[in-house]
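# Notes for the structure review
Take a look at the letters that make up each chain.
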Amino acid sequence: MNKATEKPPILWLQTLVFSITLLIALIAVPWYAFTHGYSLAVVICALLFWISNGISITAGYHRLWSHHTYKAHPLLQILLALFGAAATQNSILVWASGHRRHHRHVDDNERDPYSAKKGFWFSHIGWMLRHYDSGKDNFDNAKDLQHDKIVMWQHRHYLAITLAMNFIPPLLVGIATGDIIGSLLLVGVLRLVISHHTTFLINSLAHIWGKRPYTESNTARDNGFIALLTYGEGYHNYHHLFQYDYRNGVRWWQFDPTKWLIKSASWVGLTKDLKRAPSFKILKAMLDMKFKKAQEKLASTSETEEYSQLEWSKILEQEYQQFSNILNEWNQLRQKWYEQKRDKLNEATHALQEKWHSTALHTRFKELKYALKMQTRRLDLLTQQFATA
Ligand SMILES: [Zn+2]
Ligand SMILES: [Zn+2]
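Quick look at the structure, then. Note that the structure is predicted; figures quoted are calculated from it, not measured. (Residues numbered from 1 in each chain as written. Chains lettered and ligands numbered in written order. Predicted model: local features only at pLDDT ≥ 70, side-chain atom pairs only at ≥ 80, totals over all residues. Heavy atoms only, no water.)

With distances of 2.1 to 2.2 Å, the protein atoms coordinating the zinc ion (ligand 1) are His-102 (NE2), His-207 (NE2), His-236 (NE2) and His-240 (NE2). Around the zinc ion (ligand 1) sit four donor atoms, and with donor-metal-donor angles ranging over 95 to 157° the site reads as irregular. When the donors of the zinc ion (ligand 1) are listed by position in the chain, the intervening gaps give H-x104-H-x28-H-x3-H. Placement of the pair is His-102 in helix α4 (residues 92-104) and His-240 in helix α11 (residues 236-241), with a sequence separation of 138 residues. In this pair, the class of His-102 matches that of His-240, namely buried. (Donors = N, O, S within 2.8 Å, 3.2 Å for Na, K, Ca; no water. Tetrahedral: all angles 85-135°; square planar, octahedral: opposite > 155°, others 65-115°. Helix = DSSP H or I, 4+ residues; strand = E, 2+ residues; numbered from the N terminus. Buried < 20%, exposed > 50% of the residue type's maximum accessible area, 1.4 Å probe, protein only.)

In structure tokens, the structure reads:
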């Protein structure tokens with residue numbers, strides 16, 4: 001066989017785990033439902049265990065250890081490490097270092113371990129079934145995690161922890177409800193299969209289906225439906241641009257239970273130092289994309305009765321000029337803000353005067369942010385106009 005077309009060897013352990021659990025979920029789980037039925041208690045326990053697994057991957061493996069978007073109390077870290085292991089997606093160290101490579105080399109077929117450019121199957125599960133070069137472990141980008149006691153404890157005992165977390169809770173539920181087989185099937189297997197494939201959707205479907213409101217520099221998409229299944233991780237376009245932000249669904253109405261969990265845990269001291277991208281930066285990214293899309297739309301629109309294409313493009317140009325002016329002023333203000341902070345350290349300025357300056361700067365910052373918000377609305381109206389023209 002030609003070396004170039006030869007496929008890398010199959011990783012049998014992963015392949016068998018994925019196939020056997022899937023077969024049980026497809027055949028034995030419904031068979032048991034028809035012949036014996038499941039009690040409500042078992043169904044609820046399966047649901048709770050599924051949620052705890054999924055959210056440990058999103059809040060723990062992803063937003064805490066891969067991206068350090070916040071800090072967590074050791075007690076919470078242990079829970080996230082245990083229930084994350086139950087999700088059976090490898091250790092935190094392996095997962096996070098692979099995920100960091102995904103961000104750094106996104107869409108690069110040679111270096112992104114689950115490059116979406118290699119198709120749905122590969123980015124969903126195919127990348128884990130064979131010994132691809134792009135999927136080889138390399139912890140050079142995870143030195144911080146190699147010094148983390150909890151991460152390394154979980155890494156060293158990964159197999160034992162994963163087996164214990166996959167068998168003990170279903171067995172306990174089985175003993176408590178008097179239905180061990182039912183619990184092993186639902187809390188054990190079905191929970192694992194659904195947990196696997198919903199998480200895998202973030203690498204596959206969230207790079208294929210959805211909108212790109214913040215950046216078109218990669219394939220990542222924002223998709224509210226995927227967010228419903230993945231505890232908020234469906235807002236993947238935002239996440240790829242602002243990976244240090246603890247939120248993925250950045251708007252208040254977006255479904256992001258991982259964000260809500262991290263935020264509410266901060267009220268009881270379990271999390272702290274939650275990082276957020278500045279709202280001005282987010283608005284700027286959105287407006288950049290809106291200008292790009294408006295220009296594309298205008299270019300593909302035929303002339304209207306009242307306004308010619310030329311006149312519309314003049315308006316668009318004016319808007320863009322205004323946008324650039326706002327950004328310039330914003331940068332100058334930031335410069336002033338930092339200078340003022342530095343001066344404060346160097347010399348004791350008059351307190352009242354200092355307060356006046358900060359308030360004045362603050363007011364101007366707010367005004368500029370408002371101006372950008374209004375511009376977003378105007379651009380939406382303009383784009384609608386091109387669409388109906
Ligand atoms: Zn991604
Ligand atoms: Zn990420």
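Attention shifts here to the coordination of the zinc ion (ligand 2). Protein ligation of the zinc ion (ligand 2) involves His-62 (NE2), His-67 (NE2), His-99 (NE2), His-103 (NE2) and His-239 (NE2), the donor distances falling in the range 2.0 to 2.2 Å. For the zinc ion (ligand 2), all donor residues lie on one chain, and their spacing in sequence is H-x4-H-x31-H-x3-H-x135-H. Of the two residues, His-67 is situated in the loop between α2 (40-66) and β1 (71-72) and His-99 in helix α4; the sequence distance between them amounts to 32 residues. A single burial state applies to His-67 and to His-99, both of which are buried.

Right, let's talk about a nonpolar patch on the surface for a bit. Residues Phe-120, Trp-121, Ile-208, Trp-209, Phe-225, Leu-228, Phe-255 and Trp-260 make up a contiguous nonpolar surface patch of about 870 Å² in total accessible area. At the level of elements, α5 (120-124) and α10 (224-229) are the ones that each hand at least two residues to the nonpolar patch. Examined against the element boundaries, Phe-120 turns out to sit in helix α5. (Patch = residues over 30% accessible without salt bridge, like charges linked within 9 Å, V, L, I, M, F, W, Y side chains within 5 Å. Areas by Shrake-Rupley, 256 points an atom, 1.4 Å probe, with all protein chains shown as cover. Salt bridge = Lys/Arg side-chain N within 4 Å of Asp/Glu carboxyl O.)

The biggest cluster of nonpolar side chains holds 37 residues, and the ones touching the most others in it are Tyr-61, Trp-65, Tyr-70, Leu-80, Leu-145 and Val-151. For this core, the secondary-structure elements that each account for two or more residues are α1 (12-35), α2, α3 (74-86), α4, α7 (149-156), α8 (158-177) and α9 (180-203). Looking at which element gives the most residues to this core, the answer is α2, with eight residues. Excluding residues within four positions of it along the chain, Trp-65 makes contact with Gly-60, Gln-77, Leu-80, Ala-81, Ile-92, Ala-96, Arg-100, Leu-145, Asp-148 and Val-151. With 20 residues, the next largest nonpolar core counts Leu-298, Leu-333, Leu-361 and Phe-386 among its residues. (Core = buried A, V, L, I, M, F, W, Y, C linked by side-chain atoms within 4.5 Å. Contact = heavy atoms within 4.5 Å.)

A separate point is α8. Each α-helix winds once per 3.6 residues, and so residues spaced three or four apart point in a common direction. In this model α8 runs 29 Å from its N-terminal to its C-terminal C-alpha over 20 residues, within 8% of the 28 Å that 1.5 Å per residue would give. Buried within α8 are the following residues: Tyr-158, Ile-161, Thr-162, Met-165, Asn-166, Pro-169, Pro-170, Val-173 and Gly-174. Buried residues in α8 make contact with α2, α3, α7 and α9. Positive backbone phi, approximately 75°, marks Gly-178, located one or two places after α8. (Expected span 1.5 Å × (residues − 1).)

Locating Gly-60 in the fold gives a position in helix α2. Taking the relative accessible area as the measure of exposure, Gly-60 reaches 0% and is therefore buried. Those residues in contact with Gly-60, other than ones at most four positions away along the chain, are Ile-55, Trp-65, Tyr-70 and Leu-80.

Turning next to the pattern of salt bridges. Following the criterion strictly, the structure yields 14 salt bridges and no others. For Asp-144, the salt bridge is made with Arg-100, and the minimal N-O distance between the two is 2.9 Å. On the criterion of sequence distance, the pair formed by Asp-144 in helix α6 (residues 143-146) and Arg-100 in helix α4 is long-range, its members being 44 residues apart. For Lys-143, the salt bridge is made with Asp-140, and the minimal N-O distance between the two is 3.7 Å. In this structure Lys-143 comes out as partly exposed when scored by relative accessible area, which is 45%. Exposure remark for Asp-140: the relative accessible area of 55% places this residue in the exposed category.

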